[in-house]
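Descriptive structure summary
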Amino acid sequence: MNEYRYDNQTVQGFILSAIFWGVVGIVIGLLISIQLWAPAANLAPWLTYGRLRPVHTNGLAFGLGVGAIFGLFYYIVMRLCRRPLVFPRLARLHLWLFNAIIAAAAVSLLAGKTQSLEYAELEWPLDVAIVVIWVMFAVNVFATVIKRKEEQMYVSLWYVLATVVAVAILYVVNNASVPAGLWKSYHAYAGVNSANVQWWYGHNAVGFIFTTPILAMFYYFLPKTTGLPIYSHRLSIVSFWSLIFAYLWTGAHHLVYTPLPDWIQTLAIVFTLFLIAPSWGSVVNGYYTVGADWSKMRTNYLTKFFVLGITFYGLQTVQGPTQALRVVSQLIHFTDWVPGHVHMGTMGWVTMTICASIYYVIPRIHGTEIYSEKIANAHFWLVLVGQLLFSITMWITGIQQGALWKVQNADGSLKYSFMDGLVKNYPYWHTRTLAGIVFAVGMLLFVYNVLKTIQKGKALQASPPSPAPAAA
Amino acid sequence: MSEIPDTAEAMENEETAHRLPLGWLVLFFGLIAWGVVYLWLYTPALGGWSQAGAYEKAAQAQQAQ
């Protein structure tokens, strides 16, 4: 067990960093949700909606999401390869650089430095730094997999490797730009090509940050927590390869009804709809796995996190492809339906699965049990209610917005002004802030529970109890 | 509770390891078939539909009223 101690501390460092950036990102999310209905809450120029919104998205996707991915991937890779990391000190350096970059990223965005590409806002010096730490990460993961002591590769490892490779390619290609000063650059592609590359990247950020790494966690931690082996190895592998094959073609569905050539849009829509199959392969596999013994929902507090997580993944992967269809896109594109969709995925699937994985890992690292299952259960219900309230209100007001925008007078002019639509959003935007508060309270309970568990583990280490703790 | 060891064999259910559910296979191949049809219908060089053409048609229908 001791040979893992240094690496486990690195894993915990990533988890705590992810939690820290998660809290920052959620608080900013609450603030910008208020700014939408209370303009006075905008403090120009640093704390305006326009600057805070990318801090919210980058902070949560890259701070919380990628931070958790780094930590949990190192953990999963070590377990499934049955050996410590090949380069433990490199991983520790990776941890410190990661936090420095996220901090610098937040400051640069607050200062208004942006490439003006969604989810690729960070300017080129930060892009270079991100590529450096990604290479450090990739070297460690690949070296450990190559030098593994377990011959067979479980499906989670395939998802890990796909994430490492795909994110590297996506990030480098879309962030290729021509610098025009230290904090200013121009995209390497122009016009429609720029949009096409940007959304190829943008949608695959969803694919390779919010999907493949979270599936790696799901496939690993679901059997570990429940004691139930995965239903079908073949289904998991067929789903993996078809997901990887299809995902990279789908980005242009963000550009339906634009000057992008019709055939590219149509091809993207076809691949997007096909994605339902591999996505649901994992959903079916998850359900059948727990289906072997549904009493685990009662007897193991973490099972419901994974089951609800994969349920929202299932809903997300039907709703998303549906949105790609031209007839649906022309109603909901550019409306508040879209943040409703995104937050079902991020709050319902990604965060739910990451939290459950952390609940599993932290006690294992310290050879103890979770501080309080009761608090974990309260956390579960609060984030579930908060997320549902958020998504559903946004879907309602999104459809309302889209419908209002389409109404025409007899002469073909638009019936409703911008203000008409805006005013009708207010009750839903108020409700969203309320939903965000409920979700944030749930997440604070999670943070408290994790910190208390670590404290408990440290106390245990200081004065080991007489009976040997359960082997981790 | 006894935990599953970290080996691929132990993590996978042996009895159902090679199963692909029938309903899922129908979904898989159904979506491919749908995709072929949709691709044909909405690609200008194949089925003849185009974004601009659809717009023209809708605008003319509006004018005719």
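Another point: the overall build of chain A. Each helix and strand counted, chain A has 16 helices and two strands in total. Over its C-alpha trace chain A gives a radius of gyration of 22 Å, about what one expects of a compact globule, namely 23 Å for 472 residues. Scored against the burial criterion, the 472 residues of chain A give a buried share of 58%. Long-range contacts, defined as pairs at least 24 residues apart, comprise 82% of the intrachain contacts of chain A with a sequence gap of at least 6. In the form shown here, chain A has an accessible surface area of approximately 18600 Å², with 70% of it arising from carbon and sulfur atoms. Computing the positive centroid from 28 side-chain charges and the negative centroid from 15, chain A places the two 8 Å apart.

Looking only at helices and strands, chain B has three helices and zero strands in total. In terms of C-alpha radius of gyration, chain B reaches 25 Å, well past the compact-globule figure of 11 Å for 65 residues. With the model as given, the accessible surface of chain B reaches about 4500 Å², and the carbon-plus-sulfur share is 62%.

Our focus in this paragraph is the domain arrangement of chain A. Residue and element names in this part refer to chain A. What the domain assignment reports for chain A is domain 1 (1-188) and domain 2 (199-457). Inter-centroid distance (C-alpha atoms) of domain 1 to domain 2 is 19 Å. Opposite the 45 residues of domain 1 that make contact, domain 2 presents 51 residues. For the pair domain 1 and domain 2, the summed buried area comes to about 4200 Å², and 81% of that belongs to carbon and sulfur atoms. Contact with domain 2 buries area across many residues of domain 1, yet Trp-37, Tyr-159 and Leu-170 alone supply 17% of it, more than any other trio. The interface formed by domain 1 and domain 2 holds zero salt bridges in total. Inspection of the domain 1/domain 2 interface yields eight residue pairs in polar contact (both at pLDDT 80 or more). Mapped by element, the contributors of at least two residues to the side of domain 1 that touches domain 2 are helix 1 (5-37), helix 2 (49-81) and helix 5 (155-174). When residues in the side of domain 1 that touches domain 2 are grouped by element, the largest group, 14 residues, is from helix 5. Residues that form the side of domain 1 that touches domain 2 fall into these classes: 34 nonpolar, nine polar and two charged.

Let's shift gears to the interface of chain B and chain A. Between chain B and chain A, the residue contacts involve 34 residues of the former and 51 residues of the latter. Taking both sides of the interface into account, the surface hidden between chain B and chain A amounts to around 3600 Å²; carbon and sulfur atoms contribute 63%. The largest share of the area that chain B buries against chain A comes from Asp-6, Met-11 and Gln-51 of chain B, three residues that together contribute 19% of it. Our count for the chain B to chain A interface comes out at three salt bridges. The interface formed by chain B and chain A contains 23 residue pairs in polar contact (both at pLDDT 80 or more). Residue assignment for the side of chain B that touches chain A shows that the elements contributing at least two residues are helix 1 (8-11), helix 2 (22-41) and helix 3 (51-64) of chain B. With nine residues, helix 2 of chain B is the largest single contributor of residues to the side of chain B that touches chain A. Each residue belonging to the side of chain B that touches chain A can be placed in one class, and the counts come to 20 nonpolar, nine polar and five charged.

With that out of the way, let us pick up the side chain of Asn-140 of chain A. The topology assignment puts Asn-140 of chain A in helix 4 (residues 124-146). Looking at Asn-140 of chain A, the relative accessible area reads 0%, which means it is buried.

Here we come to a negative patch on the surface. Together, Glu-151 of chain A together with Glu-9, Glu-14 and Glu-15 of chain B give the surface a local cluster of negative charge. For Glu-15 of chain B, the location among the structural elements is in the loop between helix 1 and helix 2. A relative accessible area of 72% means that Glu-15 of chain B is categorised as exposed.

We now examine the environment of Val-290 of chain A. Residues and elements named next belong to chain A. Mapped onto the elements, Val-290 comes out in helix 10 (residues 276-291). Placed 111 residues apart in sequence, Val-290 and Pro-179 show a C-alpha to C-alpha distance of 52 Å. Look past the residues within four positions of Val-290 in its chain and what remains in contact with it is Leu-222, Leu-228, Thr-303 and Val-307.

Each packed pair of helices is defined by two parameters, the angle between the axes and the distance between the axes. Residues and elements named next belong to chain A. Between helix 1 and helix 14 (residues 337-366), the least distance of the axes is 11 Å, while the angle of their chain directions is 145°. Between helix 1 and helix 14 lies a crossing of left-handed hand. The residues of helix 14 that touch helix 1, namely those facing Asn-8, Val-11, Gln-12 and Ile-15, are Ile-358, Val-361, Ile-362, Ile-365 and His-366. Its residues assigned to classes, the contact of helix 1 with helix 14 shows six nonpolar, three polar and no charged.

Residue and element names in this part refer to chain A. Relative to the helices and strands, His-341 is located in helix 14. Here Gln-319 takes part through its side chain, which lies 2.7 Å from a polar atom of the side chain of His-341. Here Gln-323 takes part through its side chain, which lies 3.2 Å from a polar atom of the side chain of His-341.

All names here are of chain A. With respect to the helices and strands, the residue Ala-268 is situated in helix 9 (residues 262-274). Note: C-alpha distance between Ala-268 and Trp-249 (19 residues apart in sequence) is 5.7 Å. Beyond its immediate chain neighbours, meaning those up to four positions away, Ala-268 contacts Trp-249, Thr-250, Ala-252 and His-253.

Let's shift gears to a nonpolar patch on the surface. On the surface, a nonpolar cluster with roughly 370 Å² of combined accessible area is contributed by Phe-87, Val-131, Val-135, Val-139 and Val-172 of chain A. Looking at the element boundaries, Val-139 of chain A is found in helix 4.

Attention now moves to unusual backbone geometry. All names here are of chain A. Cis geometry marks the peptide bond from Ala-44 to Pro-45; its omega dihedral reads -5°. Relative to the assigned elements, Pro-45 resides in the loop between helix 1 and helix 2. A positive phi angle, close to 65°, is found at Tyr-119, a residue other than glycine. By secondary structure assignment, the location of Tyr-119 is in the loop between helix 3 (88-110) and helix 4. Phi is positive for Tyr-257, which is not a glycine, with a value near 60°. Within the secondary structure, Tyr-257 sits in the loop between helix 8 (233-247) and helix 9.

Reading guide: rules and limits
- Residues numbered from 1 in each chain as written.
- Chains lettered and ligands numbered in written order.
- Predicted model: local features only at pLDDT ≥ 70, side-chain atom pairs only at ≥ 80, totals over all residues.
- Heavy atoms only, no water.
- Helix = DSSP H or I, 4+ residues; strand = E, 2+ residues; numbered from the N terminus.
- Rg over C-alpha atoms; globule rule 2.2 N^0.38 Å.
- Buried < 20%, exposed > 50% of the residue type's maximum accessible area, 1.4 Å probe, protein only.
- Contact = heavy atoms within 4.5 Å.
- Areas by Shrake-Rupley, 256 points an atom, 1.4 Å probe, with all protein chains shown as cover.
- Lys, Arg positive; Asp, Glu negative; His and termini not counted.
- Charge placed at Lys NZ, Arg CZ, Asp CG, Glu CD.
- Domains from an automatic or database assignment.
- Buried area = accessible area lost by both parts, 1.4 Å probe.
- Salt bridge = Lys/Arg side-chain N within 4 Å of Asp/Glu carboxyl O.
- Polar contact = N/O pair within 3.5 Å; in protein donor to acceptor, adjacent residues only side chain to side chain.
- Nonpolar A, V, L, I, M, F, W, Y, C, P; charged D, E, K, R; others polar.
- Patch = residues over 30% accessible without salt bridge, like charges linked within 9 Å, V, L, I, M, F, W, Y side chains within 5 Å.
- Axes fitted to C-alpha atoms, helices over the stretch in contact; angles between N-to-C directions.
- Left-handed = near helix turned anticlockwise from the far one by under 90°.

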